[in-house]
Amino acid sequence: MKVLFAASEAVPFAKTGGLADVIGSLPKELAKQGLDVRVILPKYEDIPAQWTERMETVAVLTVRMGWRQQYCGILKLEHEGIPFYFVDNEYYFRRKGCYGYGDDAERFAFYCLAVMDAMQHIDFIPDVIHCHDWQAGMIPVLYRAHFSYQPRYAHIKTVMTVHNLKYQGVFGKEQFKDYFALGDEHFTGYALEQYGGASFMKGGLLYSDYITTVSPSYADEIQTPFYGEYLDSLLRSQSFRLKGIVNGIDYDELDPMTDPHLEVHYRDSVEDKRKNKLKLQERLGLPVREDVPMIALVTRLVEQKGLSLIDRVIEELMQLNAQWVVLGTGEQRYEQMFRWAAERYPDKMAACITFDEGLARQIYAGSDLFLMPSQFEPCGIGQLIAMRYLSVPLVRETGGLKDTVQPYNEFTGEGTGFSFAHYNAHDMLYTVQRAVSYYNQEEVWTNLLNNIKEKDFSWHRSAQLYAELYEQLAQG
Ligand code: GLC
C-alpha cells in the first residue's frame, strides 16, 4: 500500500497548529505497520537550516497554472524513516510563516498542481493520496478533472481529512478558473461554489473518495448547523462516506520517562511527577507548594479555545485555592487578559505569552490539571499529552475532547478527567471548583491518575483504522 500525504505543515519542519503534529507522527506509525508512506509539503523559508541543508533536489519541473509556467523544484529528505518531499518555488514560499498572504489562493493552487505533477517525476504513483485541510483540498478536484483518465493514475483513490472545518480556503471563482483550468460545470450547484466564491475545502469534500475527520464526535457535529460552517447539509448528504478517527500522539517523542526537557523523569510515580511541579513553581516565580493544585493552559490564545469563558469568570477563578500557568500567544485581548491577571494575582497566575516547547513540556509534567474549555475542538492534542504526563484534563464536552476524556464519576470511581457540556462560564467555573476540591482527597486523585495510566493514546489503533480504510478504498 503506497500512500502520499499532502499537507501544508509537519513537525519538525513547519508548524502553526495540531495539523503539524499529526503529519509529523501518523506516517511513522503507518510505516511501522508496513505501509509505504511519503509526505509532500511546501518548502517554506522558515524550515530550519538543519533540515534544508540535508535536502537534495530530486526533480525539476514546470507547473502550468493557466497561462503561467512556473518553476517547481522537488527536494527530498528522509526523516525518521519517512521520505519527505518539498515543493520549491521561491516566489510563492520563500516568505515568513505559512499562511496569511493576499495571494494564498495562488500559492496553494500552485502547491496542489505541483503535487499532482510531481508524482511521475519522483516515480511514486500512490494507491491513495491523503489530503489534509483546505490547502490540499483541490487535489481531489484536479485528480477527477485532469488525471483520472490517464492509465497510470486511474487506480488512485483520494481521502480528504478535515482537521478544522472553520478554515475553508474560499476565494473568487475567477481565480479558480484561472489557476486550475476548470470549466463552468465545476462551479455551480453541487460543486465548488461557496459564499459566492469557491472553496478549496468544499472541493476536497465533494471530489474525494472518502472524508475523514479527527474524532467521531466532530464527524457528527459537523453535520449540524452549529458546527457545520455552512457545509453541514453537504456533509449530511455524504455521511455514508464520512467518519471520524481520533488522533493519537507520538509516544516515543512525548514520554515523561525520557523527555529531555524534564529535570526529573517519571512514568507512573506521582511522587516524581510532583518534583517537576516544585521546579516549575520555582521557575515561574509562584509560591512553591505541593498542596495547591496547579492548573495549566497551553494553547493558541484564540476564540476557539474557549477563552471568553475564562474572561467572564476570571475574578472567581483567581479566588480559588489554585495556581495557574498559561503558555501561548494569539489574540491581543486574551494575551492582555492573562497579563493583567498575572500582575494582579502574582501568587496565583503565571502568564507566559510566548511559545517554548521546553517550557510546554515542563508545564505538562508540573501541572495537576489541564484546562481546555473549547467552543469546538475537532480532536485536540493538549489533553492527550496532558494525560500522558499525568495531568488531569478538564474539558468541554465537544469533538475529540468528548471522545478522549471520560468524566469522573465519584460513585463508581471511573473516569479520567472532568468535563462540562454547555458553553457556559459558570458551568466551567463549577467544574473547576469541583476538580480543585478533589485535589486534596487523596483517594479520588489516585483513582483518577490510575484510570489515566490505563489509557493508550498512541497512534497504534487509529493508524490501523486508516490502513483499513485505505485497503477498503483500494479494493472498491
Ligand atoms: C486542528 C484542530 C485540533 C486538532 C488538530 C489536528 O488544529 O483544531 O482540534 O487536534 O487540527 O487534527
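Criteria and thresholds
- Residues numbered from 1 in each chain as written.
- Predicted model: local features only at pLDDT ≥ 70, side-chain atom pairs only at ≥ 80, totals over all residues.
- Heavy atoms only, no water.
- Helix = DSSP H or I, 4+ residues; strand = E, 2+ residues; numbered from the N terminus.
- Buried < 20%, exposed > 50% of the residue type's maximum accessible area, 1.4 Å probe, protein only.
- Lys, Arg positive; Asp, Glu negative; His and termini not counted.
- Charge placed at Lys NZ, Arg CZ, Asp CG, Glu CD.
- Pairing = 2+ DSSP bridges.
- Axes fitted to C-alpha atoms, helices over the stretch in contact; angles between N-to-C directions.
- Contact = heavy atoms within 4.5 Å.
- Near = heavy atom within 4 Å.
- Polar contact = N/O pair within 3.5 Å; in protein donor to acceptor, adjacent residues only side chain to side chain.
- Areas by Shrake-Rupley, 256 points an atom, 1.4 Å probe, with all protein chains shown as cover.
- Nonpolar A, V, L, I, M, F, W, Y, C, P; charged D, E, K, R; others polar.
- Patch = residues over 30% accessible without salt bridge, like charges linked within 9 Å, V, L, I, M, F, W, Y side chains within 5 Å.
- Salt bridge = Lys/Arg side-chain N within 4 Å of Asp/Glu carboxyl O.
- Expected span 1.5 Å × (residues − 1).
- Arc of directions from axis to C-beta.

A. Spotlight on the overall build of the protein chain. What the protein chain contains, in helices and strands, is 20 helices and 18 strands. Viewed in the frame of its principal axes, the protein chain has a C-alpha envelope of about 65 × 45 × 40 Å. Buried residues in the protein chain amount to 61% of all 476 residues. Computed over 47 positive and 64 negative side-chain charges, the inter-centroid distance for the protein chain is 2 Å.

B. Main features of the sheet that holds strand β13 (residues 294–298). In spatial order, the strands read β15-β14-β13-β16-β17-β18; together these 6 strands make up an open sheet with parallel pairing. Of all strands in the sheet, those with a lone pairing partner are β15 (349–352) and β18 (418–420), marking the two edges. Strand-to-strand twist across the sheet, computed as the mean angle between neighbouring axes with direction ignored, equals 15 degrees. Of the strand pairs in this sheet, strand β14 (residues 323–327) and β15 are connected by 4 bridges, and their pairing is parallel. Considered in β15, the bridge of V325 is made with A350. Across the sheet, helix α14 (residues 332–344) lies against β13, β14 and β15, angled at about 140 degrees from β15, the strand it touches most.

C. Structural context of the site of the ligand. Around the ligand, the surrounding shell holds 13 residues, and the nearest of these are H163, N247, E377, C379 and G380. Within the contact set of the ligand, an oxygen atom lies 2.8 Å away from a backbone nitrogen or oxygen of G380. Coverage of the ligand by the protein amounts to 94% of the 310 Å² it exposes when considered alone. Partitioning the shell around the ligand into residue classes produces 6 nonpolar, 6 polar and 1 charged.

D. View of a nonpolar patch on the surface. On the surface, V170, Y195 and Y230 cluster together into a nonpolar patch covering about 350 Å² of accessible area. Counting through the fold element by element, V170 comes out in strand β8 (residues 170–171). Judged by relative accessible area, V170 falls into the partly exposed class, the value being 31%.

E. Representation of the sheet that holds strand β4 (residues 68–79) in the model. Strand order in the open sheet made by the 9 strands is β3-β4-β5-β2-β1-β6-β7-β11-β12, with mixed pairing throughout. Of all strands in the sheet, those bounded by a partner on one side alone are β3 (56–65) and β12 (242–244). Taken pair by pair, the neighbouring strands of this sheet meet at an average axis angle of 25 degrees, ignoring direction. Pairing geometry for strand β2 (residues 36–42) and strand β5 (residues 82–88), over 4 bridges, is parallel. Paired with V39 across the strands is F84, a residue of β5. Each of β1 (2–6), β6 (128–132), β7 (157–162) and β11 (210–213) touches helix α20 (residues 460–475); the most contacted strand, β7, lies at about 145 degrees to it.

F. Seen up close, α20. When the terminal C-alpha atoms of α20 are compared, their 23 Å separation across 16 residues agrees well with the 22 Å that a helix rising 1.5 Å per residue should span. Taken together, the buried positions of α20 are S462, A463, Y466, A467, L469, Y470 and L473. Projection of α20 onto a plane perpendicular to its axis shows the buried side chains occupying an angular sector of 160 degrees, all on one side.

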